[in-house]
Amino acid sequence: AQSVTQPDIHITVSEGASLELRCNYSYGATPYLFWYVQSPGQGLQLLLKYFSGDTLVQGIKGFEAEFKRSQSSFNLRKPSVHWSDAAEYFCAVGAGQGAQKLVFGQGTRLTINP
Amino acid sequence: GAVVSQHPSRVICKSGTSVKIECRSLDFQATTMFWYRQFPKQSLMLMATSNEGSKATYEQGVEKDKFLINHASLTLSTLTVTSAHPEDSSFYICSAGGDSTDTQYFGPGTRLTVL
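Note that the structure is predicted; figures quoted are calculated from it, not measured.

Each helix and strand in chain A was counted, giving zero helices and 12 strands. Along its sequence from the N terminus, chain A presents helices and strands in the succession β-β-β-β-β-β-β-β-β-β-β-β. For 114 residues, the compact-globule formula gives about 13 Å, and the C-alpha radius of gyration of chain A, at 13 Å, lands near that figure. Overall, chain A is about 40 × 30 × 20 Å in size when its C-alpha atoms are taken along their principal axes. Looking at chain A residue by residue over its 114 residues, the buried ones come to 46%. Expressed as a percentage of contacts within chain A between residues at least 6 apart in sequence, the contacts between residues at least 24 apart total 55%.

The structure is reproduced here in structure tokens:
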């Protein structure tokens with residue numbers, strides 16, 4: 001069965017600083033990988049996804065993620081964060097087609113210092 | 001991306017009553033819809049998967065008689081929490097999939113409070 005680990009429960013960075021959120025997955029085949037962002041009291045918004053091909057994936061809001069099969073990782077990065085990036089970030093892995101069941105990591109709460 | 005709506009966004013009910021939550025895909029036909037539950041400061045836990053016209057598939061530990069799911073059309077799925085109790089208070093989120101992007105799109109969630 002697939003699983004996702006986000007080692008960092010809470011991260012604080014200063015506005016303008018770079019960001020990396022870690023995600024490690026466990027899955028026997030080629031995974032479908034996703035990053036979602038959730039603002040307080042809201043649903044989830046898709047930031048980016050990886051199905052196949054180029055391992056560096058560009059998403060919305062200036063985010064990118066890199067799939068590293070050897071490390072079973074799919075870390076999310078942003079070169080310069082904005083105060084509006086403060087939110088909860090979830091990494092998820094899907095089995096087979098992306099519209100199938102997703103398993104989510106525990107989430108990483110991002111706080112931005114002014 | 002595709003848009004998924006949920007209604008209501010917030011509901012407060014008395015213990016013992018039933019509550020229905022609607023999930024709609026507004027601009028695509030969702031062959032599959034998912035229902036998640038999220039406790040405060042925790043991740044999403046999948047409750048069930050529903051395919052249009054079929055019975056829902058429930059995850060282990062989820063009571064199918066308590067959480068009734070109906071996926072009557074390609075744009076609408078409903079979750080009914082029957083005989084709600086305070087421990088059912090939670091944030092319920094639906095998602096819809098099945099368009100050409102192989103991606104799940106999430107609704108804004110419904111905050112259920114059972115008094």
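After presenting the structure, the write-up continues.
Attention now goes to the pairing of strand S2 (residues 10–14) of chain A. All names here are of chain A. Alternating residues of S2 divide into Ile11 and Val13, all buried, and His10, Thr12 and Ser14, none buried. As paired strands, S2 and strand S12 (residues 108–113) are joined by five bridges and run parallel to one another. Looking at S12, one finds that valine 13 is bridged to isoleucine 112.

Turning our eyes to something else, we now look at the state of the cysteines. Inspection of the entire model under this criterion finds two disulfides over all chains. Note on cysteine connectivity: Cys23(A) is disulfide-linked to Cys91(A), with sulfurs 2.0 Å apart. In this structure, the disulfide formed by Cys23(A) and Cys91(A) twists by about -65° around the S-S bond and is classed as left-handed. Separated by 68 residues along the polypeptide, Cys23(A) in the loop between strand S3 (19–21) and strand S4 (24–26) and Cys91(A) in strand S10 (residues 87–94) bring together distant segments of the chain. Comparing Cys23(A) with Cys91(A) shows no difference in burial state: the two are buried. In this model, Cys23(B) is linked to Cys94(B) through a disulfide, with the two sulfur atoms separated by 2.0 Å. Handedness of the Cys23(B)-Cys94(B) disulfide follows from its S-S torsion of about 80°: it is right-handed. Pair noted here: Cys23(B) is in strand S3 (residues 19–25) and Cys94(B) is in strand S9 (residues 90–97), with a separation of 71 residues, a long-range link.

Considering the arrangement of structural elements, one finds His7(B) in strand S1 (residues 4–7). Measuring from C-alpha to C-alpha, the distance between His7(B) and Thr57(B) comes to 22 Å, with 50 residues separating the pair along the chain.

All names here are of chain B. Ordered by their spatial adjacency, four strands build an open sheet running S1-S3-S8-S7, and the pairing between neighbours is antiparallel. Unpaired on one side and paired on the other, S1 and strand S7 (67–73) mark the two borders of the sheet. The sheet shows a mean angle of 15° between the axes of neighbouring strands, taken without regard to direction. In the sheet, S3 pairs with strand S8 (residues 76–81) via six bridges, with the strands oriented antiparallel. Looking at the pairing, lysine 20 lines up with threonine 80 of S8.

Here the focus is the pattern of salt bridges. Evaluated as defined, the whole model comprises six salt bridges over all chains. Salt-bridge contacts for Asp85(A) lead to Lys78(A); the nearest nitrogen and oxygen are separated by 2.8 Å. With a shortest N-O distance of 3.4 Å, Glu22(B) and Arg24(B) are connected by a salt bridge. Its relative accessible area of 34% is what places Arg24(B) among the partly exposed residues. Connected through salt bridges with shared partners, the residues Glu64(A), Glu66(A) and Arg77(A) form a single ionic network.

The rules behind the values
Residues numbered from 1 in each chain as written. Chains lettered and ligands numbered in written order. Predicted model: local features only at pLDDT ≥ 70, side-chain atom pairs only at ≥ 80, totals over all residues. Heavy atoms only, no water. Helix = DSSP H or I, 4+ residues; strand = E, 2+ residues; numbered from the N terminus. Rg over C-alpha atoms; globule rule 2.2 N^0.38 Å. Buried < 20%, exposed > 50% of the residue type's maximum accessible area, 1.4 Å probe, protein only. Contact = heavy atoms within 4.5 Å. Pairing = 2+ DSSP bridges. Disulfide = S-S within 2.5 Å. Axes fitted to C-alpha atoms, helices over the stretch in contact; angles between N-to-C directions. Salt bridge = Lys/Arg side-chain N within 4 Å of Asp/Glu carboxyl O.

Nothing here speaks to function; it is all geometry.
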